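Per-entry structural report
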Amino acid sequence: MIKKILIIICVFFLFGCESTNINNMTLEEIVNKQISLEPSNTTVNRKGYKYYLPQEFSVKEDDDYVQKLISNNNIYYLNIDIVSYYYKNNMDTIHELDDYEYYEFGDTDKSGYLRITKNNENFFVELCYNYAIIEVEVEESNLRYAISRAITILNSIKYNDLVIEKYITDNDVDTSETIYKIPEPKNKDNSKNILEYIESDLEDTDDNE
């Protein structure tokens, strides 16, 4: 009985320390700390890649190189760019002056960026690293949690070179293509972010079928 109580206390202490540390860290410090650690052991295996999925996450949809994950009722879009990985292309984004946060990190082998834009009362996070991107919209109170979990997933991704090479050659994919496609809105509304456009496009598709 005493042994069980000690284990519970230790687990509570460890998770309490982690939460406190994250809350006391800047977003940049969270990213830098995670990419400096040894990647977590992978738990999800997909075509040409595998990754670690935190326990509080689940896979809502699996569309090969776009994974729809869910945690705390927030949807995380994990986009795997095996073309950029295969050809070692840089994954860039546009940095706007009104970005809430923009930060580039990594080294010559693995580089990335964190871009956050404010969408009304919520924040749209675009985190890129290790030839993959995670996008999620969260409340400000969940920013640190979302970024810490997202960078953990991205840092854990391991690629299968043989499977990826076969896919690239069989499909005659060139250096300018990407496997996942982010839909571009026809009539852009600044009150919406890309995740809302994705959901709208899916609803329109379902209505037309």
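Reference entry: report on the structure contained in this document. All values derive from a computational prediction rather than experimental measurement.

**As for the packing of helix 2 (residues 27-36) against helix 4 (residues 143-156)**
Running from N to C, helix 2 and helix 4 point in directions that differ by 25 degrees, and their axes come no closer than 9 Å. The orientation of helix 2 relative to helix 4 falls into the category roughly parallel. Every pair of crossing elements has a handedness; the one defined by helix 2 and helix 4 is right-handed. Along its contact with helix 2, which presents Leu27, Ile30, Val31, Gln34 and Ile35, the element helix 4 presents Arg144, Ile147, Ser148, Ile151, Thr152 and Asn155. Per-class residue counts for the contact of helix 2 with helix 4 are six nonpolar, four polar and one charged.

**Considering helix 5 (residues 161-170)**
A distance of 3.2 Å separates the backbone nitrogen of Leu162 from a side-chain oxygen at the start of helix 5, and that oxygen is part of Asn160. Positive phi appears at Asp172, one or two residues downstream of helix 5, with a value of about 50 degrees.

**With respect to the packing of aromatic side chains**
Each pair of aromatic rings is reported with the distance of its centres and the angle of its planes. Counting across every chain of the model gives 11 aromatic pairs. An angle of 80 degrees between the planes, with centres 5.6 Å apart, marks the rings of Tyr85 and Tyr131 as edge-to-face. Highlighted residues: Tyr85 in helix 3 (residues 82-87) and Tyr131 in the loop between strand 8 (122-129) and strand 9 (132-139), separated in sequence by 46 residues. Tyr131 shares its class with Tyr85; the two are buried. Through a chain of ring-to-ring contacts, three or more aromatic side chains come together here, namely Tyr49, Tyr51, Tyr65 and Tyr167.

**Points about the nonpolar core**
Formed by 48 residues in total, the largest nonpolar core has its most connected members in Leu78, Ile147 and Tyr159. Beyond its immediate sequence surroundings of up to four residues, Tyr159 is in contact with Gly48, Tyr49, Ile80, Ile82, Tyr85, Asn130, Tyr131, Ala132 and Ile164.

Rules of the game
All chains use their own residue numbering, which begins from 1 and follows the written sequence. Only residues with pLDDT of at least 70 get local features here, since the model is predicted, and only at 80 or more are side-chain atom pairs given and counted; chain-wide, interface and lining totals rely on the full set of residues. Note: side-chain values were computed over all heavy atoms of the structure, leaving out hydrogens and water. Each axis is a line fitted through C-alpha atoms, and for a helix only the stretch in contact is used; angles between axes span 0 to 180 degrees, taken between their N-to-C directions. For helices the rule is a DSSP run of H or I covering at least 4 residues; for strands it is a run of E covering at least 2, with both sets numbered from the N terminus onward. When describing relative orientation, an angle under 35 degrees is termed roughly parallel and one over 145 degrees roughly antiparallel, while 65 to 115 degrees is termed roughly perpendicular and anything else oblique. Left-handed is the label given to a crossing in which the near helix is rotated counterclockwise from the far helix by less than a right angle, and right-handed is the label when the rotation is clockwise. We call two residues contacting when some pair of their heavy atoms lies within 4.5 Å. Here the nonpolar group is Ala, Val, Leu, Ile, Met, Phe, Trp, Tyr, Cys and Pro; Asp, Glu, Lys and Arg are the charged ones; every other residue, Gly included, is treated as polar. We define a polar contact as two N or O atoms separated by no more than 3.5 Å, with the added condition that, inside protein, one atom must be a possible hydrogen donor and the other a possible acceptor, whereas residues neighbouring each other in sequence contribute only through side-chain atom pairs. In this analysis, rings of Phe, Tyr and Trp, with Trp reduced to its six-membered ring, are considered paired at centre separations within 6.5 Å, and the interplanar angle assigns stacked below 30 degrees, edge-to-face beyond 60, and tilted for intermediate values. Type-normalised accessible area, obtained with a 1.4 Å probe on protein chains alone, sets the label of each residue: buried when under 20%, exposed when over 50%, and partly exposed for intermediate values. Note on terminology: a nonpolar core comprises buried Ala, Val, Leu, Ile, Met, Phe, Trp, Tyr and Cys residues joined through side-chain atoms within 4.5 Å.

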